[in-house]
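Descriptive analysis of the structure
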Amino acid sequence: MKFSFGASTKGFTHIRFTEEVRGTARLVREGTSEHLEIGTGKRSEVSQRTFIILIRSIVQAAKRVRVKKISFDASAFAFLKMEEAELASLIAQNLLMANYEYTAYKTKPKEGFKQVEEVCIIGSNKAFQAGIKKGVAIGEEVNACRTLANTPGGDMTPKTLAKAAKFAVTGLPVSVRTLGVPEMQKLGMGAILGVGKGSETPPTFTIMEYKGGTGAPIVLAGKGITFDSGGINLKSGDGHEMHMDMSGAASVIHAVALAARLKSKKHVIGLIPAAENMPGGGALRPHDILKSLSGKTIEVINTDAEGRLVLADALTYAKRFKPSVVLDVATLTGSSMSALGLYASALLTRDEKLAAQLLTLSETSGDYLWRLPLWDEYESSVKSTFADVANCVSGSAGRYAGATNGGMFLWQFAKELECPWAHLDTAPRMTSAPGDELAKGAAGEPVRLLYAFIEQ
Ligand code: BES
Ligand code: ZN
Ligand code: ZN
């Protein structure tokens with residue numbers, strides 16, 4: 001999708017906004033020219049949330065009627081009373097996100113894939129144009145994150161994911177280093193190594209560093225399970241889409257890339273613990289005990305609670321950077337979806353200031369969060385009879401508060417960090433949901449939020 005700035009709508013299908021019901025779209029022909037009417041609903045009722053969906057619905061409507069070049073007035077959303085550059089950035093991000101489709105494995109139809117090719121913005125000033133430019137970078141990185149996550153598990157191994165991290169920052173001032181099995185063994189990363197044991201493709205641990213400024217870094221760690229079969233506690237049935245269980249890693253990779261692309265003044269480190277959770281002959285067994293990088297031993301009650309194992313080693317590894325703050329991102333539990341449904345990721349942290357900051361940024365970025373508790377009362381969930389901690393609660397008690405229990409497990413390692421830490425359980429937002437006006441598949445969250453956080 002190309003953006004241009006002009007004075008005339010010639011050659012474009014101009015978008016006219018009416019106060020009809022939001023989502024209404026109608027192609028109107030007048031002589032030789034045509035325009036697309038989009039309903040915004042009552043202007044006074046358009047919030048930032050509905051605005052985001054509205055922008056995306058323009059692209060979906062254009063795609064439906066196979067219009068490839070659209071134009072609209074920069075002043076069309078002046079009624080939102082948002083700062084111009086911020087407004088323009090949101091417009092570009094969401095036009096791009098709505099235009100995205102994962103077509104890597106599809107034969108191109110004769111008439112091409114349905115896409116909007118060019119957007120011309122009429123009557124924009126410098127601030128608006130700068131906002132568009134920034135929004136394009138954000139939208140492109142979100143979409144690149146979706147492509148990584150959408151890639152089938154057979155073609156996205158831990159090694160491929162490590163390569164993808166390198167590729168994502170080609171030409172940018174980001175250093176990327178990947179540890180292989182021998183190096184991880186030497187360090188004593190028994191948790192991630194344990195998860196990788198049942199797979200024919202070995203685990204990797206990738207470190208990305210962008211030094212846009214001096215000072216203690218922000219560390220982002222992303223769950224990189226390239227396929228989660230459940231391991232010996234094999235998942236049953238279908239529809240799990242567990243090739244996307246590396247969505248957290250993909251979002252960290254592209255948030256670091258985005259910070260570098262937009263020349264952020266911050267010091268950012270991305271950690272990508274990657275493994276495939278398979279039930280091969282060498283796989284972890286229930287009740288095996290692992291020795292993690294922290295020195296703590298972990299009883300593996302359930303091999304399907306593998307994300308927290310790889311993250312445990314990543315959180316300990318983060319310590320060596322003496323970070324100012326650590327965030328981890330993971331499609332960690334089905335339980336977070338039971339709690340929140342499909343429209344918000346779960347935020348778990350013991351730091352009130354960090355919680356408030358992330359919740360505010362989640363509203364403005366569009367990667368919505370809702371908080372779940374991480375109180376001492378829940379600490380019993382990680383008690384183990386034979387090891388220092390257990391990776392989940394055994395028996396029927398394990399049915400309750402699964403997202404909190406996952407967070408509580410991570411807290412056992414994060415508490416050693418001596419800096420604020422938050423865990424984002426993004427399972428609810430792994431894929432797009434009805435009403436998002438996005439293509440099916442990976443949603444690319446929370447790249448926008450992570451970038452906003454880095455910037456702040
Ligand atoms: N990757 C899954 C969680 C998941 C489920 C993500 C659905 C996205 C959509 C995770 O590794 C897992 O299997 N979690 C278990 C934990 C349980 C065994 C304690 C779960 O949520 O059931
Ligand atoms: Zn699992
Ligand atoms: Zn998983």
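The structure under discussion appears in the preceding block.
Residues numbered from 1 in each chain as written. Chains lettered and ligands numbered in written order. Predicted model: local features only at pLDDT ≥ 70, side-chain atom pairs only at ≥ 80, totals over all residues. Heavy atoms only, no water.

1. Overview of the sheet that holds strand E1 (residues 2-6)
- Taken together, the six strands give an open sheet; going across it, the order is E1-E6-E5-E2-E4-E3, and neighbouring strands pair in mixed fashion. Edge strands, defined here as strands with exactly one partner in the open sheet, are E1 and strand E3 (25-30). Across this sheet, the average inter-strand angle for adjacent strands is 30°, counted without regard to direction.
- Two elements, E1 and strand E6 (residues 118-122), share five bridges in a ladder whose sense is parallel. Across the sheet, residue Lys2 finds its bridge partner in E6, namely Glu118.
- Sheet strands touched by helix H1 (residues 48-64): strand E2 (13-18), E3, strand E4 (33-39) and strand E5 (69-73). Its angle to E4, the strand with the most contacts, is close to 140°. (Pairing = 2+ DSSP bridges. Helix = DSSP H or I, 4+ residues; strand = E, 2+ residues; numbered from the N terminus. Axes fitted to C-alpha atoms, helices over the stretch in contact; angles between N-to-C directions. Contact = heavy atoms within 4.5 Å.)

2. Overview of helix H2 (residues 84-99)
- Compared with the 22 Å implied by 1.5 Å per residue over 16 residues, the 23 Å span of H2 between its first and last C-alpha is a close match.
- Most of H2 is tucked away, with 13 of its 16 residues classed as buried. (Expected span 1.5 Å × (residues − 1). Buried < 20%, exposed > 50% of the residue type's maximum accessible area, 1.4 Å probe, protein only.)

3. A word on the sheet that holds strand E12 (residues 289-291)
- In spatial order, the strands read E12-E13-E17; together these three strands make up an open sheet with mixed pairing. Looking at the sheet topology across the chains shown, the edges are occupied by E12 and strand E17 (389-390).
- Here E12 runs beside strand E13 (residues 297-299); their pairing, made up of three bridges, is antiparallel. By the bridge assignment, Leu290 is partnered in E13 with Ile298.

4. What to know about the coordination of the zinc ion (ligand 3)
- Binding of the zinc ion (ligand 3) to the protein goes through Lys223 (NZ), Asp228 (OD), Asp245 (OD) and Glu306 (OE), at separations of 2.0 to 2.4 Å.
- Donor residues for the zinc ion (ligand 3), ordered by position in the chain, follow K-x4-D-x16-D-x60-E.
- The metal-metal distance between the zinc ion (ligand 3) and the zinc ion (ligand 2) is 3.2 Å, with Asp228 serving as a donor to both. Across the pair, exposure class does not vary: Lys223 and Asp228 are buried alike. (Donors = N, O, S within 2.8 Å, 3.2 Å for Na, K, Ca; no water.)

5. Quick notes on the side chain of Thr157
- Take Thr157: it is sitting in the loop between helix H3 (126-150) and helix H4 (158-168).
- A distance of 2.7 Å separates a polar atom in the side chain of Thr157 from a polar atom in the side chain of Thr160.
- Sequence-distant contacts of Thr157, defined by excluding residues within four places in its chain, comprise Thr201 and Thr226. (Polar contact = N/O pair within 3.5 Å; in protein donor to acceptor, adjacent residues only side chain to side chain.)

6. So, the coordination of the zinc ion (ligand 2)
- At the metal site, the zinc ion (ligand 2) is ligated by Asp228 (OD), Asp304 (O), Asp304 (OD) and Glu306 (OE), and these contacts range over 2.0 to 2.2 Å.
- For the zinc ion (ligand 2), the six donor atoms in the first shell make angles of 72 to 168° at the metal, a pattern classed as irregular.
- Mapping the donors of the zinc ion (ligand 2) onto the primary sequence gives the spacing D-x75-D-x1-E.
- Using a relative accessible area of 22% as the deciding quantity, one classes Asp304 as partly exposed. (Tetrahedral: all angles 85-135°; square planar, octahedral: opposite > 155°, others 65-115°.)

7. Section: unusual backbone geometry
- Put simply, Glu445 and Pro446 share a cis peptide bond, and its omega is -5°.
- The residue Pro446 is located in the loop between strand E18 (421-425) and helix H12 (447-455) in this model.
- The backbone of His287 shows a phi angle near 80°, a positive value even though the residue is not glycine.
- Summarising the element assignment, His287 is placed in the loop between strand E11 (267-277) and E12.
- At Lys322, a residue that is not glycine, the phi angle is positive and equals roughly 45°.
- Along the chain, Lys322 falls in the loop between helix H8 (307-318) and strand E14 (325-330).

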